[in-house]
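Coordinate analysis (summary)
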Amino acid sequence: MKTILLFDPRFPLNHPRRLTVADEIASAAVRAGVAAAANPSEAGALAVGPQLSQADMTEVVLQHGATNAALARVFVPLSVAQVGAGLGMLAAVSRPIAGTIPSIFPQFPVGTKISVLGDSTVAHGTFGASPGDKLVRKLNAGHYEVAQALKPRFAMEEWPSNTTARDNAAAGGSSSYTKQWVDGGNRAVSGSPVSFHAGLLPSTLAMGAPILAYSATVNSAALPNAEQTIIDQILMPAINAGKYVLVGTMLPWAASGTGLDTPANVASRMRINTALRAWAASVGPTKALLLDWDIPFPLDGSNYASSDNFYDTLHPNSLGAARLSLYLNSRLDLILPSDNQLLARITPNKQPNPTFTGTTGTAAGTVSGQVPTGYRLINASGTVSTAVASLEANAATGGQSLVVTVQPVSGSIAEEGFNFTYGTAGTIPVSDMAGQYVATYFEVEVPASPYVGVPTAYLYDAGSTMEARALDLDSTYGNSSKSDGSAKTFWIATDPVLVGASSTGPNVTLRLRLRGAEAFAAGAAPITIKIKRVWTGVVGDPKPRWSAS
């Protein structure tokens, strides 16, 4: 966001309007000659780019303010209106905005790979496991994972790997940072600063992802001149290697008075973020896209974010991740289409009865009603809330959707769950999947309710002891699965799992999560969740797709 003084050239004696607007709109207005930077130090960055026409003054309603929550009715040149319309941040008042709206952002195809470097605020994988543990789990409430589940349009796969040698090399010979024991698109490592990330950058760039996502980390806050190190050793080398950069500010944290929360670190965060905002504006949207995390996590008067975004005042919980993901997707909308890459999979669906036909499945435990043939819906351990299962036509699949209506009851525990599996154990006949990489995804529609948690998909194979979990946000550091309360559809997709040659078949399970005790205490009405489809099939070894072995 940049503050500008907006002039109307038709009335040169009028006072300018002071507005805080998106960087792209501010730059367009400056380059059209109808605005000046309110902060002289930002004038040069806002003037970077081709000159725009001042012709055809157009009346628009424009989003402005630190969080784009306010509206201003102003006149701007058509060239500026086109930029704002392309961002979805303004609308014409009395007529359509004429002409083609130019995209000032590069456009990437659906399925584009994104690599991530960073620390535990964005990491996923198994923390502290041995190299022999073949689990691949998305455990942190990562905003990239949630954004991907809401709009599955970019690739970020993981697989088991002994990362000791890699991490030691990146740290200059000896790494004390928490091992992930997984490799792939997300290479974030807990506890690591920018100096470590710089060591990982060459091998990360070699994986071939056109986009690199990097946000400043609190582990770099105490490093002298950290902002210049980030620019010189991460951002510019990535751009020079032909990558597009998603550059994020350092996530704010909640006031705690302990650990990393010191006045010096708060001041360092503000300084680093100011530098990264200026850098992103200076290189322009053709090379970098700013992710300003202070927008979804607005600061109080002491530069802290609300504690309900975190499970430990520093790491986002699933509620915080939901808020971050909605902002992240609004930015990715500028460079990626909204097409669903999961629906483009052309390999056969190995999931039995994938369109949920029939009514002879099993409703068990505290569940009653009709369940698709071959499937079972049962309450998880400790869950006392009741659920009624029913079926409705699904025009998109040609089959049925499973409608689960949950009624919280007295005695509900903090987080309750309902497990949906194929058969009693969830095991799918192995057919021709043995020795191949398999993945699964579910489409789940949740209502506007603060008591609905983020669903989790499990895919594992007893023969190879491998497991992938998608959106397993409740188990990290005891973090409970929360919701931002908005209605949404999740496309919950796992990483690939190698099915053992001796396996009896992969197990596929979906867990629906509910804030049972809170819902009952609030007297919540019955809560309805819809399971609309499931797909399980062969997807191939992910490593060659990332130039890895």
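Everything in this summary refers to the structure shown in the same document. (Residues numbered from 1 in each chain as written. Predicted model: local features only at pLDDT ≥ 70, side-chain atom pairs only at ≥ 80, totals over all residues. Heavy atoms only, no water.)

Some thoughts on the overall build of the protein chain
In terms of helices and strands, the protein chain carries 10 helices and 27 strands. Here the C-alpha radius of gyration of the protein chain, 25 Å, is about what a compact globule of 549 residues would show, namely 24 Å. Seen through its principal axes, the protein chain has C-alpha atoms that stretch 75 × 60 × 45 Å. Pairs at least 24 apart in sequence give 72% of the contacts found in the protein chain among residues at least 6 apart. By element, 56% of the accessible surface of the protein chain is carried by carbon and sulfur atoms, the whole surface being about 20200 Å². (Helix = DSSP H or I, 4+ residues; strand = E, 2+ residues; numbered from the N terminus. Rg over C-alpha atoms; globule rule 2.2 N^0.38 Å. Contact = heavy atoms within 4.5 Å. Areas by Shrake-Rupley, 256 points an atom, 1.4 Å probe, with all protein chains shown as cover.)

Examining the side chain of Ser401
Note that Ser401 resides in strand β19 (residues 399-407). Side-chain polar atoms of Ser401 contact the side chain of Asn394, separated by 2.9 Å. Those residues within four positions of Ser401 in sequence are excluded, and the remaining contacts are Ser390, Leu391, Glu392, Asn394, Ile531 and Lys532. (Polar contact = N/O pair within 3.5 Å; in protein donor to acceptor, adjacent residues only side chain to side chain.)

Looking at helix α7 (residues 226-240)
Quick reminder: α-helices carry 3.6 residues per turn. Residues three or four places apart thus point the same way. Across its 15 residues, α7 extends 20 Å between first and last C-alpha, which sits within 8% of the 21 Å expected from 1.5 Å per residue. Along its length, α7 shows its largest kink, about 30 degrees, at Asp232. Listed as buried for α7 are Ala226, Glu227, Thr229, Ile230, Ile231, Ile234, Leu235, Ala238 and Ile239. For α7, the secondary structure elements touched by its buried residues are α6 (194-205), β12 (211-215), β13 (244-248) and α8 (263-283). Of the residues one or two after α7, Gly242 is the one with positive phi, at around 90 degrees. (Expected span 1.5 Å × (residues − 1). Bend = angle between axes of the 7 residues up to and from the residue. Buried < 20%, exposed > 50% of the residue type's maximum accessible area, 1.4 Å probe, protein only.)

Focus on the pairing of strand β22 (residues 456-461)
In terms of burial, β22 is a largely internal element, 5 of the 6 residues being buried. Relative to strand β26 (residues 507-514), β22 runs antiparallel, the two sharing 5 bridges. From the neighbouring strand, Thr456 faces β26, where its bridge partner is Arg511. Pairing of β22 with strand β23 (residues 466-470), which is carried by 5 bridges, proceeds in the antiparallel orientation. Following the sheet pairing, Asp461 is matched in β23 by Met466. (Pairing = 2+ DSSP bridges.)

Focus: the pattern of salt bridges
According to the stated counting rule, one finds 23 salt bridges in the structure shown. Arg277 is paired through a salt bridge with Asp294; the nearest N and O atoms lie 3.0 Å apart. Linking Arg277 in helix α8 with Asp294 in the loop between β14 (288-291) and α9 (318-332), this pair joins segments that are 17 residues apart in sequence. Per residue, the accessibility class of Arg277 equals that of Asp294, and both read buried. The structure contains a network of salt bridges with shared partners spanning Arg166, Asp167, Asp183 and Arg187. (Salt bridge = Lys/Arg side-chain N within 4 Å of Asp/Glu carboxyl O.)

Here we look at the packing of aromatic side chains
Evaluated as defined, the whole model comprises 10 aromatic pairs. Here the aromatic rings of Tyr177 and Phe196 are separated by 5.0 Å at their centres, their planes lie at 70 degrees, and the arrangement is edge-to-face. Of the two residues, Tyr177 sits in the loop between α5 (164-170) and β11 (182-184) while Phe196 sits in helix α6, which places them 19 residues apart along the sequence. For Tyr177, a relative accessible area of 22% translates into the label partly exposed. Its relative accessible area of 2% is what places Phe196 among the buried residues. One aromatic cluster is present, formed by Phe356, Tyr375, Phe420 and Tyr422 through successive ring pairs. The residue whose ring lies beneath Arg10 is Phe75, and the NZ or CZ to ring-centre distance is 4.3 Å. The ring of Trp546 has Lys113 lying over it, and the distance from NZ or CZ to the ring centre is 5.0 Å. (Phe/Tyr/Trp six-rings, centres within 6.5 Å; stacked < 30°, edge-to-face > 60°. Lys NZ or Arg CZ within 6 Å of the ring centre and 35° of its normal.)

Side note on the sheet that holds strand β1 (residues 2-6)
Strand order in the open sheet made by the 3 strands is β2-β1-β3, with antiparallel pairing throughout. With one partner strand each, in any of the chains shown, β2 (17-21) and β3 (35-37) form the two edges of the open sheet. Averaged over all adjacent pairs, the angle separating strand axes in this sheet is 35 degrees, with direction ignored. Judged from the 5 bridges that link them, β1 and β2 form a sheet pairing that is antiparallel. Residue pairing across strands places Lys2 opposite Val21, the latter belonging to β2. Relative to the sheet, helix α1 (residues 23-31) contacts β1, β2 and β3, its axis offset from that of β1 by approximately 30 degrees. (Axes fitted to C-alpha atoms, helices over the stretch in contact; angles between N-to-C directions.)

Examining the pairing of strand β7 (residues 112-117)
β7 sits mainly inside the fold: 6 of its 6 residues count as buried. Bridge analysis of β7 against strand β9 (residues 154-155) gives 2 bridges, and the strand direction is parallel. Of the residues in β9, the one forming a bridge with Thr112 is Phe154. Examined bridge by bridge, β7 and β12 share 4 bridges and lie parallel to one another. Its bridge partner lying in β12, Leu117 is registered against Tyr214.

Observations regarding the packing of helix α4 (residues 143-150) against α9
Contact geometry of α4 with α9 gives a least axis separation of 8 Å together with a crossing angle of 60 degrees. Accordingly, the angle class assigned to the pair α4 and α9 is oblique. When you trace α4 past α9, the crossing you get is right-handed. Residue-level inspection shows His143, Tyr144, Val146, Ala147 and Leu150 of α4 in contact with α9, the latter providing Ala321, Ala322, Leu324, Ser325, Leu326, Leu328 and Asn329. Here the residues of the contact of α4 with α9 sort into 9 nonpolar, 3 polar and no charged. (Parallel < 35°, antiparallel > 145°, perpendicular 65-115°, else oblique. Left-handed = near helix turned anticlockwise from the far one by under 90°. Nonpolar A, V, L, I, M, F, W, Y, C, P; charged D, E, K, R; others polar.)

Considering the packing of α7 against α8
To describe two helices that pack against each other, one gives the angle between their axes and the distance between the axes. Two elements in contact, α7 and α8, have axes separated by 9 Å at closest approach and are oriented at 30 degrees. The two elements α7 and α8 cross, and the hand of that crossing is right-handed. Judged by residue contacts, Ala226, Glu227, Ile230, Ile231, Leu235, Met236 and Ile239 of α7 engage Arg271, Ile272, Ala275, Leu276 and Trp279 from α8.

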